[in-house]
Amino acid sequence: MSNLHTAMLEAEAITTKERGQWSMVMTRFFRHRAAVISLVIFVLIVLFAYIGPFLWKWDYKIHSEIPSWVGPSLDHPFGTDKAGRDMLGAMMQATKQSMNVALVVAVGSTVIGALVGACAGFYRGWVDSVLMRIVDVLFVIPFLVITAAIAGAIDGGAQWYHMAFILAVFGWLSTARAVRAEVLSLREKEFIEAAKAAGGSDWHIITKHLIPNTMSVIIVSATLQIAFAILSETTLSFLGLGIQSPDTSLGLLIEAAGASAFNEHWYLFYIPGLMIILIALTINFIGDGLRDALDPRQTMVRR
Amino acid sequence: MVVFIIRRTLLMIPVLLGATLLSFILVDLSNDPVAEQVFQIQQSTGEAVPQSTVDAIESQLYYDRSLPERYWLWLTGIGETNGDIGLLQGEWGPSIEGTAVDIGYEISTRFWITLRLVLFATVASIGIAILSGVVSAVKQYSRVDYSLTFVGFLFLAMPSFWLGSLLKEAAVQANKGLGSTVLQTYGSGTTGFQGTGWEVFVDSLPYLVVPTLVLTLAGYAAISRYQRASMLEVMNSDYVRLARAKGVRNGTVMRRHALRTALIPVATFAPLSLAGAMGGAIVTERIFGWRGLGAYSYDAILHGDSFAVMAYLLISGIVVLIGVLISDLLYGVLDPRIRYE
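Computed from a predicted structure; not experimentally measured.

A. How the structure looks around the UniProt feature "transmembrane region" (unreviewed entry) in chain B. All names here are of chain B. Mapped onto the present numbering, the UniProt feature "transmembrane region" (unreviewed entry) falls at residues 9–27, 111–134, 146–167, 205–223, 262–283 and 309–334. Taken end to end, residues 9–27 has its terminal C-alpha atoms 26 Å apart, with 100% of it in helix and 0% in strand. For residues 262–283, helix accounts for 86% and strand for 0%, while the C-alpha atoms at its two ends are 32 Å apart.

B. Geometry of the pattern of salt bridges. Scanning the entire structure with this criterion turns up eleven salt bridges over all chains. In this structure, the salt-bridge partner of Glu188 of chain A is Arg187 of chain A, at a minimum N-O distance of 3.1 Å. Here Asp28 of chain B ties to Arg70 of chain B by a salt bridge, and the two come within 2.7 Å at their closest N and O atoms. Taken together, the residues Asp28 of chain B in helix α1 (residues 2–30) and Arg70 of chain B in helix α4 (residues 67–76) connect sequence positions 42 residues apart. Its relative accessible area of 10% is what places Asp28 of chain B among the buried residues.

C. Molecular detail of the UniProt feature "transmembrane region" (unreviewed entry) in chain A. Residue and element names in this part refer to chain A. The UniProt record annotates "transmembrane region" (unreviewed entry) at residues 34–56, 101–123, 135–154, 160–179, 210–231 and 267–287. Counting secondary structure, residues 160–179 comes out at 90% helix and 0% strand; the distance between its end C-alpha atoms is 28 Å. Each end of residues 267–287 is marked by a C-alpha atom, and these two atoms are 30 Å apart; helix forms 100% of the span and strand 0%.

D. Representation of the interface of chain A and chain B. Contact with chain A, which involves 36 residues of that partner, is made by 41 residues of chain B. Of the roughly 3500 Å² buried between chain A and chain B on both sides combined, carbon and sulfur atoms contribute 84%. Viewed at the interface, chain B and chain A are joined by one salt bridge. The salt bridge involving Arg225 of chain B is made with Asp288 of chain A; its shortest N-O contact spans 3.7 Å. There are two residue pairs in polar contact (both at pLDDT 80 or more) connecting chain A and chain B. Taken together, the elements giving at least two residues each to the side of chain A that touches chain B come down to α6 (125–140), α7 (143–152), α12 (215–238), α13 (250–257) and α14 (266–294) of chain A.

E. Geometry of the domain arrangement of chain B. Residue and element names in this part refer to chain B. Domain boundaries in chain B define domain 1 (2–92) and domain 2 (110–334). Each side of the interface is counted separately: domain 1 has 20 residues, and domain 2 has 18 residues. The largest contributions to the domain 1 side of the interface with domain 2 come from Met12, Leu16 and Trp92, which together make up 31% of the buried area. At the boundary of domain 1 and domain 2, one finds zero salt bridges. Inspection of the domain 1/domain 2 interface yields one residue pair in polar contact (both at pLDDT 80 or more). The set of elements that each furnish at least two residues to the side of domain 1 that touches domain 2 consists of α1, α2 (33–45) and α4. Take the side of domain 1 that touches domain 2: its biggest share by element is ten residues, from α1. A per-class count over the side of domain 1 that touches domain 2 returns 13 nonpolar, four polar and three charged.

F. Representation of the packing of aromatic side chains in the model. One pass over the full model with this rule turns up 16 aromatic pairs over all chains. On the numbers, 6.5 Å between centres and 55° between planes, the contact of Phe24 of chain B with Phe307 of chain B is tilted. Of this pair, Phe24 of chain B sits in helix α1 while Phe307 of chain B sits in helix α13 (residues 306–334), and the two are 283 residues apart along the sequence. Like Phe24 of chain B, the residue Phe307 of chain B is buried in the burial classification. Look at Phe155 of chain B and Tyr220 of chain B: their rings are 6.1 Å apart centre to centre, the planes differ by 65°, and that puts the pair in the edge-to-face class. Of the two residues, Phe155 of chain B is situated in helix α6 (residues 143–157) and Tyr220 of chain B in helix α8 (residues 197–235); the sequence distance between them amounts to 65 residues. Take Phe155 of chain B: its relative accessible area is 17%, and that puts it in the buried class. For Tyr220 of chain B, a relative accessible area of 4% translates into the label buried. Here a set of aromatic residues connected by ring pairs shows up, and it is made of Phe24, Tyr71, Trp74 and Phe307 of chain B. The ring of Phe139 of chain A has Arg177 of chain A sitting right over it, with the charged end atom 5.3 Å from the ring centre. Cation over ring: Arg70 of chain B sits above Tyr63 of chain B, and NZ or CZ is 4.0 Å from the ring centre.

Definitions and cut-offs
Residues numbered from 1 in each chain as written. Chains lettered and ligands numbered in written order. Predicted model: local features only at pLDDT ≥ 70, side-chain atom pairs only at ≥ 80, totals over all residues. Heavy atoms only, no water. UniProt positions renumbered as here; feature names shortened; annotations may be inferred. Helix = DSSP H or I, 4+ residues; strand = E, 2+ residues; numbered from the N terminus. Salt bridge = Lys/Arg side-chain N within 4 Å of Asp/Glu carboxyl O. Buried < 20%, exposed > 50% of the residue type's maximum accessible area, 1.4 Å probe, protein only. Contact = heavy atoms within 4.5 Å. Buried area = accessible area lost by both parts, 1.4 Å probe. Polar contact = N/O pair within 3.5 Å; in protein donor to acceptor, adjacent residues only side chain to side chain. Domains from an automatic or database assignment. Nonpolar A, V, L, I, M, F, W, Y, C, P; charged D, E, K, R; others polar. Phe/Tyr/Trp six-rings, centres within 6.5 Å; stacked < 30°, edge-to-face > 60°. Lys NZ or Arg CZ within 6 Å of the ring centre and 35° of its normal.

Printed below as a string of structure tokens:
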């Protein structure tokens, strides 16, 4: 009986393909050419960092059979450094470590920022005041100095997970502010009132209603966090206050290259630098594309 | 206006206090200057350090007190002290480099070196940002707009230490090629140069060019994006359309109506880039061998010199808060809808 009923309804309905929210977002995103190209490049970089080490014969360590200071060639596409390290292998490891930090920071600081922002915006009153004063206070402390002071003091040098933790703990401020601003207007909407009237707990409303509806802000700020984390981590490692040798990071590779930008060892300086730029650049374009795609005010012309 | 400034300044005090408390705890928990000192002595003498020396170091650095007491002493200097601690009394606390090194003296001599760099860079980056943002908006979706946007993205993605190393080497090459020393790439001024303030400033100019350029390029892109967006929004607003409709000349519309309003979001955002530049100073000073505040805090971090790190954190905190205050005031100057009573 009920089957027959739905079948009748289906027959009556105008036959258009169902469009979910996400399929619309995808369509809009894939129309953004720079963002799509960036996404492809970014995925290739991730594959390079995580799959590459299994395919390439050299790792990032020093080997006695590798000659020192060979320019880019077939045996060593990115050349070798003074100590006898294959730079392609080193680049894979360095990119992987920087990516590890960036991805963990993106997830960690986004979760902290989203929860803090949502709680502040939802409860208002003293909760809001306290949380936002904490944000103000953290904002006054210079990010680079406090992270450097903590990372530099870790016994035996910081590992990538130390770096990720430290950067995430101090990196959530902008996300919290953006989410709070969204939630402040959302909390007055009817569907939140309905959820309250239906007896939903505060936690339920925050996690099931408020945060999903601020997803566009959260996703965009998470992507931008990746670029931010890559730049911070490499800066700290460059200063010698982040990831330490014998492990390696893109910042360390540039530090080791020193003043070789214009001499015969130029490849040691440019390749890691271009890798950082490429990661941060593609992430920024992806973020831009996502912002446009997730913006509900954008109308999609139905064809 | 004056009342407003005073009220805002008073409101900043608790924020600054909170920031010092939080960073004091973090720096204190993560660093152990006593252990660092003991290790140094052990390295130089090759013997185990006697307990009496450890105790002496502890009492000299106030590490025989509890953390809350140490913070209280650092802030006020009220209590049992050696007379070298207490911000309210103008003392910055003991340095681990020994009693001969006074943190307050180090900071006051180095402060102007860093401020010179940071101020020039911030002003220059705001100028470039406004220019490129406005040009981008006026020529929206043209080739100029696309190129400026791409260049902006490029500098946004470029790590400042990489750009700094690159420009430093480029300046060295340029000097070699020209056979001149127009661009100095190491230090902040001629060593041992003496003279009046103005002469010192003129002497430092060749040293200033490249580091300022690095900080400027590293900072301008984000502001320029804001400027473009806000300019576009204003240009599509009704009152700009009205001004055009009643026949106001294009230049006047842009200057008097569009640009003035479009500067408001930028004015609030731009002084905050002072914070970024203060952080960036550590990197730039390290690359260009400046002996400014950034280099000082870098050394302090390396040696676990807690009170020196705190001094830098406090000073950059104050600079950031001054930036926030300036941005609040600019709001009032630029936006006629806001009046400070």
